[in-house]
Amino acid sequence: MKYNSVFDIIGPVMIGPSSSHTAGAARIGKAARNLFGEQPKWAKIYLYESFAKTYKGHGTDFALAGGLLGFETDDTRMSKALEIAKENNLQIEFIVDSAAVDHPNTARLVIGNDTDSIELIGISIGGGKVEITELNGFELRLSGNHPAILIMHNDRYGAIASITKILARHEINIGHMEVNRKDVGKEALMVIEVDQNVEDSILKELENADHINQIAKLVS
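Described below are features of the structure shown in this document. From a predicted model like this one, the values you see are computed outputs, not experimental measurements.

## A closer look at the layout of surface pockets
Approximately 580 Å³ is the volume found for the largest pocket. Listing elements by their share of the lining of the largest pocket, those giving two or more residues are α2 (19-36), β5 (129-135), α7 (200-207) and β10 (212-218). For the lining of the largest pocket, the element with the highest residue contribution is α2, accounting for six residues. The class makeup of the residues in the lining of the largest pocket is twelve nonpolar, seven polar and ten charged. When residues are assigned to domains, the lining of the largest pocket turns out to be shared by domain 1 (6-142) and domain 2 (148-218), each giving three or more.

Here it is as structure tokens:
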């Protein structure tokens, strides 16, 4: 894995005990919340290999809950996140899954409310950094080293151009971009890694672009 600075090696400012199992898990949970667009009412969290074996002792359970509540890795409420989730009527079920996965720190989150849901697979790669490898059946290749925008859109002419024009107007450079679609003219996913964090005002502008259904950002 490539580290960008000494702070990546030391790890993030966080509530412990583990940058991989706690801070990374919190970021996976928060990514799921951001992609859903709001705090979910329920979550089914499938844990694999190392996450499955040590999730209680290393705080992976409360970290994932904290992320779903929108907590940052250094939020002092993190260790109480499971209790806070109950107080906020967020029902969380942890499921140990023995299926083979590519990385030992893997979690699959299915979250939703009364009408909508999303499914996400995330891995914690060390030092508090994460990768999102799948969203609603779309395979992703997010490095986790750069801010990213994930855009659910209709597979229509002009959808991609409407997004890239806005980013260019705000002088936001695209480092990596990929587009996946389930079928011609159906739902598609645009994944854009950029060189700087994108302000919420720009996200709102992107949301109003042609054929866009939902936008979320992941902060490095």
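## Focus on the packing of helix α6 (residues 159-169) against α7
Where α6 contacts α7, the axes come no closer than 10 Å and their chain directions differ by 155°. As far as their axial angle goes, α7 and α6 are roughly antiparallel. Read as a crossing pair, α6 and α7 show a hand that is right-handed. Packed against α6, whose contacting residues are I163, I166, L167 and R169, the element α7 presents I202, E205 and L206 at the interface.

## Regarding empty space enclosed by the protein
The final tally for this structure, using the stated rule, is two cavities of 30 Å³ or more. Of the pockets and cavities examined, the largest cavity occupies roughly 60 Å³. Lining the largest cavity we find L35, I118, L135, N136, L150, M152, Q214, I215 and A216. Elements with a minimum of two residues in the lining of the largest cavity: β7 (148-154) and β10.

## A look at the nonpolar core
The biggest cluster of nonpolar side chains holds 43 residues, and the ones touching the most others in it are L109, L135 and L150. Among the elements that take part in this core, α2 stands out by supplying seven residues, more than any other. Inspection of this core shows a minimum of three residues originating in each of domain 1 (6-142) and domain 2 (148-218). Among all residues touching L150, those that are not within four sequence positions of it are L35, L135, L140, L142, L189, M190, V191, Q214, I215, A216 and L218. I149, L167, M190 and I215 belong to the second largest nonpolar core, which has 16 residues in total.

Thresholds, definitions, all that
- Residues numbered from 1 in each chain as written.
- Predicted model: local features only at pLDDT ≥ 70, side-chain atom pairs only at ≥ 80, totals over all residues.
- Heavy atoms only, no water.
- 1 Å grid on protein atoms, 1.4 Å probe; cavity = no way out; pocket = protein on both sides within 12 Å on 5 of 7 lines; lining within 4 Å.
- Points joined across faces, edges and corners; volume = space filled by probe spheres on them.
- Helix = DSSP H or I, 4+ residues; strand = E, 2+ residues; numbered from the N terminus.
- Nonpolar A, V, L, I, M, F, W, Y, C, P; charged D, E, K, R; others polar.
- Domains from an automatic or database assignment.
- Axes fitted to C-alpha atoms, helices over the stretch in contact; angles between N-to-C directions.
- Parallel < 35°, antiparallel > 145°, perpendicular 65-115°, else oblique.
- Left-handed = near helix turned anticlockwise from the far one by under 90°.
- Contact = heavy atoms within 4.5 Å.
- Core = buried A, V, L, I, M, F, W, Y, C linked by side-chain atoms within 4.5 Å.
- Buried < 20%, exposed > 50% of the residue type's maximum accessible area, 1.4 Å probe, protein only.

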